[in-house]
2 protein chains.
Amino acid sequence: MVPFFNPKSIAVIGASRDPHKPGHVIFRNLLEGFKGKVYPVNPNAEEILGKPCYPFISKLPEKPDLAVIAIPAPLVPGVLDEVGKAGIKAAIIISAGFSEIGNLQLEKRLVKTAKKHGIRILGPNCLGIYDPYTGLDTFFLPRYKLERPKAGNIAFISQSGALGSVMLDWMAMKGYRISRFISYGNAADIDEADLLEFLEKDRKTRVICAYFEGVREGRRFYQIAKRVSRKKPIIALKAGNTEAGGRATLSHTGSLAGSPQVYQAAFKQAGVIQAGGLEEMFDFARTLATQPKPRGPRVLIITNGGGFGVLATDAVVQAGLKLSRLSHPEKLKKQFPPHVVISNPMDLTGDADAERYRKALQVALKDPQVDMILLISLFQIPTLTAEIVDVIQEFSGRKPLVVVAAGGRYTEALKKPLEDSGIPCFSYPERAAKALSVLWKGK
Amino acid sequence: MVPFFNPKSIAVIGASRDPHKPGHVIFRNLLEGFKGKVYPVNPNAEEILGKPCYPFISKLPEKPDLAVIAIPAPLVPGVLDEVGKAGIKAAIIISAGFSEIGNLQLEKRLVKTAKKHGIRILGPNCLGIYDPYTGLDTFFLPRYKLERPKAGNIAFISQSGALGSVMLDWMAMKGYRISRFISYGNAADIDEADLLEFLEKDRKTRVICAYFEGVREGRRFYQIAKRVSRKKPIIALKAGNTEAGGRATLSHTGSLAGSPQVYQAAFKQAGVIQAGGLEEMFDFARTLATQPKPRGPRVLIITNGGGFGVLATDAVVQAGLKLSRLSHPEKLKKQFPPHVVISNPMDLTGDADAERYRKALQVALKDPQVDMILLISLFQIPTLTAEIVDVIQEFSGRKPLVVVAAGGRYTEALKKPLEDSGIPCFSYPERAAKALSVLWKGK
């Protein structure tokens, strides 16, 4: 799998001068961001974006490690043969028009050609790879429309390219980070199980997210997932969970969705965490990627808003967790103003300042009956200055901690540095509590 | 209730020169935004923000319609007596320190004084009112930290001030609109039932959202809610739904949360829609406030991303709705390129432009088997220009329509004008499908 992630040079076959064509956007993005060499290949252009263009692969000045192919589907097998003759062993095939629209024969020819030359294929009908560490980026989507997240430790593999890419755009906006993104489309060769095996050994990846509609080889996927999930959490979102949804997957990726019950049971046995939706998948991932393992299921809720404290209490219980009982409430009462509620939720009330949060966090860290902390901080409260961000960061990494802060632009601005420093931030208690429950049960 | 919403003049008792004090922030916000007259009252200041300050209510040049009181709790009953003597009939008491911390006696004195003079009280221990139509704004939270939403037709009443206000901040950021916001705190006089009665007749309000932890008079609330819900949808978020959550409400607002089963049954019989969380409450409200009534439960999904189409299919079925069957699929096939999937989801595929969406929406509008439209549009796709916004707006208001568009800044920027023109936009199919199901079942 290495040439897919650490290529030194790439050939873009189908690079184009027309800014609306995928081959143009891919070439431009690589030119701007990729750390190695990029060669455009197109018999109808002499120069693209100021770079000399090569008519055929055989004319390239060196053998690239990776070929990215974005040409009409019927031409792909022929070109892949040339790729093989040139000795290139890895190809990402962006082109659509294969098994997903019933062209099974064309896809078979593709696979046969690849096998003949020992080429590994990603795709066809995919967006390929975004790797923030090397700048490899085969999306045919311009960056002003679709931003890319920064480098982190969450990998995301997606059968659907469009779905995966808009999630990256969303992650970039939220400040969430990623290690590798792989859209593998029809999985004519490399499939979800292969990708899990690669990510198992990938040092940049700590948590794996996967969106798919069906798996190619159920038994093999199950066995690999079971092994990998012991080392790294795998969070799966499986679409097509209803009968109608199952039918819809057929016309999308041609996947047999299979019975939801069968999948659910297999996931559970394989130690794969199931997400209920796209946001939830990344809620779980961010929390698993950043927070230490809790010793138990007991959560202390700290808040400066009573209503949010009540909603969080409901959410913690409904997520199957327990509320911590504070070890020495009488002693604590003396350390706080009399109107502070020394209980769980610990309500610091609407005049809490950053210092009161510091004290409360010290209590939570020391108390052996507190396994995890759900910290609610309504940043709009007048007594609370932006110092609260520093206070929360001080306590980061020592006990599992998630932050809930709801509001508008001011609140979002304060949440960004927290999220950046590895503290999962949520807007609403329900999502935070679910993420904590996965942290406890999932691992 | 009128003096609470259409006062011509307001006295701010406890107006202060100290920018950190609630009385200062309230006075400043009113001075900047309120359309009528505002008088600061404080015996220790001669001038506040360049305006002459009055030592007592009796010294005011005219009788104000409304008194806003933000002074230490023990002083409130005495001041309320003065308010009564001056003939003012409405008071918002911001001050905390009454029944919510066990000072039952003080609250009783307050109510007695109010009754003696025939004053209606909102509060104490509340944030009061934000009314975008008159500029009445009694929040002691500065606008740079907490933005206010624009004028719309969704009313929001909240027992918890902090919770309510941060939701307003969030709504402002999202571009959601509001008719009235009322934080009623301890409900010493005016309670949730009174507010429902007021909103029933309020022409600016089309949908009512309510957050509470308990109701003061169950039977009366039930009867009023049952009547009001026939005219306007009421969406309730009741906190304290678990045993632990119920205990937490006691130390927050002193409410007896009551059995969740009893509440749920009563809500259902009274026609009150129950939300599972804060975001969901406003998902339902935005959809009910803007969309026409559907004729049936059949939804057509239109998409340019297959994966999102599959997730939406699952979501529609799981929300208890049905998938439309298109009336004349063969005829439609001729109108679209061959790779477009004429089914449900109707997958316009990744090269769809705005014109293809226009055609698909025309089909959806005409087809009698389509009751509602769930339109997914991944705006990042190269062939889709910003024209898509105009195309969607063209079809607005004729059949129930919600939009799903996931992504980052570019996507959010395109969603804003849609949301502004009354089309509910969501990031994920699950929330959109739930909102449609409430549109169908809730009314």
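Residues numbered from 1 in each chain as written. Chains lettered and ligands numbered in written order. Predicted model: local features only at pLDDT ≥ 70, side-chain atom pairs only at ≥ 80, totals over all residues. Heavy atoms only, no water.

## Points about the overall build of chain A
Then, in step 1: A count of helical and extended segments in chain A gives 16 helices and 20 strands.
Then, in step 2: Referenced to the eigenvectors of the C-alpha coordinate spread, the extents of chain A come out at roughly 80 × 50 × 35 Å.
Then, in step 3: A buried classification covers 63% of the 443 residues belonging to chain A.
Then, in step 4: For chain A, the exposed surface amounts to about 16,800 Å²; the carbon and sulfur share of it is 53%. (Helix = DSSP H or I, 4+ residues; strand = E, 2+ residues; numbered from the N terminus. Buried < 20%, exposed > 50% of the residue type's maximum accessible area, 1.4 Å probe, protein only. Areas by Shrake-Rupley, 256 points an atom, 1.4 Å probe, with all protein chains shown as cover.)

## Focus on the interface of chain A and chain B
Then, in step 1: Of the residues lining the interface, 62 residues belong to chain A; the matching set on chain B comes to 62 residues.
Then, in step 2: Summing both sides of the interface, chain A and chain B together bury roughly 4,900 Å²; the carbon and sulfur share of this comes to 67%.
Then, in step 3: Applying the counting criterion to the chain A and chain B interface returns 2 salt bridges.
Then, in step 4: The interface formed by chain A and chain B contains 20 residue pairs in polar contact (both at pLDDT 80 or more).
Then, in step 5: At the level of elements, helix 5 (161-174), helix 8 (243-252), helix 10 (278-290), helix 11 (306-318), helix 15 (409-420) and helix 16 (429-441) of chain A are the ones that each hand at least two residues to the side of chain A that touches chain B.
Then, in step 6: Counting residues per element, the side of chain A that touches chain B draws most heavily on helix 11 of chain A, at 9 residues. (Contact = heavy atoms within 4.5 Å. Buried area = accessible area lost by both parts, 1.4 Å probe. Salt bridge = Lys/Arg side-chain N within 4 Å of Asp/Glu carboxyl O. Polar contact = N/O pair within 3.5 Å; in protein donor to acceptor, adjacent residues only side chain to side chain.)

## Notes on the pattern of salt bridges
Then, in step 1: Tallied over the entire structure, the rule returns 58 salt bridges over all chains.
Then, in step 2: With its nearest N and O atoms 2.9 Å apart, the salt bridge here joins Arg-143 of chain A to Asp-137 of chain A.
Then, in step 3: The residue Arg-358 of chain B makes a salt bridge to Glu-394 of chain B at a minimum N-O spacing of 2.6 Å. Taken together, the positions of Arg-358 of chain B in helix 13 (residues 354-366) and Glu-394 of chain B in helix 14 (residues 387-394) put the pair 36 residues apart, joining distant regions of the chain.
Then, in step 4: On the basis of relative accessibility, which here comes to 18%, the residue Arg-358 of chain B falls in the buried class.
Then, in step 5: Each of Arg-120, Asp-189, Asp-191, Asp-194, Arg-216, Glu-217 and Arg-220 of chain A takes part in salt bridges that share partners, so that together they form one network.

## Regarding the sheet that holds strand 13 (residues 234-238) of chain B
Residues and elements named next belong to chain B.
Then, in step 1: Strand order across the open sheet formed by 7 strands is 9-8-11-10-12-13-14, with mixed pairing between neighbours. This sheet does not close on itself; its edge strands, each paired only once, are strand 9 (136-137) and strand 14 (273-274).
Then, in step 2: Across 3 bridges, strand 10 (residues 154-158) lies against strand 11 (residues 181-183) in parallel orientation. Along strand 11, the bridge assignment pairs Phe-156 with Phe-181. (Pairing = 2+ DSSP bridges.)

## Re the confidence of the model for chain A
Then, in step 1: Put simply, chain A has an average pLDDT of 93, and 98% of its residues get 70 or more.
Then, in step 2: Scoring of the predicted complex yields 0.92 for pTM and 0.90 for ipTM. (pLDDT = per-residue confidence, 0-100.)

## Notes on the sheet that holds strand 12 (residues 207-212) of chain A
Residue and element names in this part refer to chain A.
Then, in step 1: Here we have 7 strands laid out as an open sheet, ordered 9-8-11-10-12-13-14, and mixed in their pairing. Each end of this open sheet is capped by a strand with a single partner; those strands are strand 9 (136-137) and strand 14 (273-274).
Then, in step 2: Bridging between strand 10 (residues 154-158) and strand 12 involves 5 bridges; their strand directions are parallel. Residue Ser-158 lies in a different strand from strand 12, and its bridge partner there is Tyr-211.

## What to know about helix 13 (residues 354-366) of chain A
All names here are of chain A.
Then, in step 1: End to end, helix 13 covers 19 Å across 13 residues, agreeing with the expected 18 Å (1.5 Å per residue, within 8%).
Then, in step 2: Listed in full, the buried residues belonging to helix 13 are Ala-354, Arg-356, Tyr-357, Arg-358, Ala-360, Leu-361, Val-363 and Ala-364.
Then, in step 3: Buried-residue contacts for helix 13 involve strand 15 (298-303), helix 12 (329-335), strand 17 (346-347), strand 18 (372-376), helix 14 (387-394) and strand 19 (401-404). (Expected span 1.5 Å × (residues − 1).)

## Quick notes on the nonpolar core
Then, in step 1: Counting residues in hydrophobic clusters, the biggest one holds 186 residues, and the most contacted among them are Phe-156 and Leu-374 of chain A together with Phe-156 and Leu-374 of chain B.
Then, in step 2: Aside from chain neighbours lying at most four places away, what touches Leu-374 of chain B is Val-299, Leu-300, Ile-301, Ile-302, Ala-312, Val-316, Val-402, Val-404, Ala-432, Ala-433 and Leu-436 of chain B. (Core = buried A, V, L, I, M, F, W, Y, C linked by side-chain atoms within 4.5 Å.)

## Quick notes on unusual backbone geometry
Then, in step 1: The amide bond that connects Gly-123 of chain B to the next residue, Pro-124 of chain B, takes the cis arrangement and shows omega of -5°.
Then, in step 2: Cis geometry is adopted by the peptide bond preceding Pro-345 of chain B, which originates at Asn-344 of chain B and carries an omega value of 5°.
Then, in step 3: Within the element layout of this structure, Pro-345 of chain B appears in the loop between helix 12 (329-335) and strand 17 (346-347).
Then, in step 4: Of note, Ala-187 of chain A is a non-glycine position whose phi angle comes to about 55°, a positive value.
Then, in step 5: The topology assignment puts Ala-187 of chain A in the loop between strand 11 (181-183) and helix 6 (192-201).
Then, in step 6: Its identity as a non-glycine residue notwithstanding, Asn-125 of chain B has a phi of 60°, on the positive side.
Then, in step 7: Take Asn-125 of chain B: it is sitting in the loop between strand 7 (120-122) and strand 8 (128-131).

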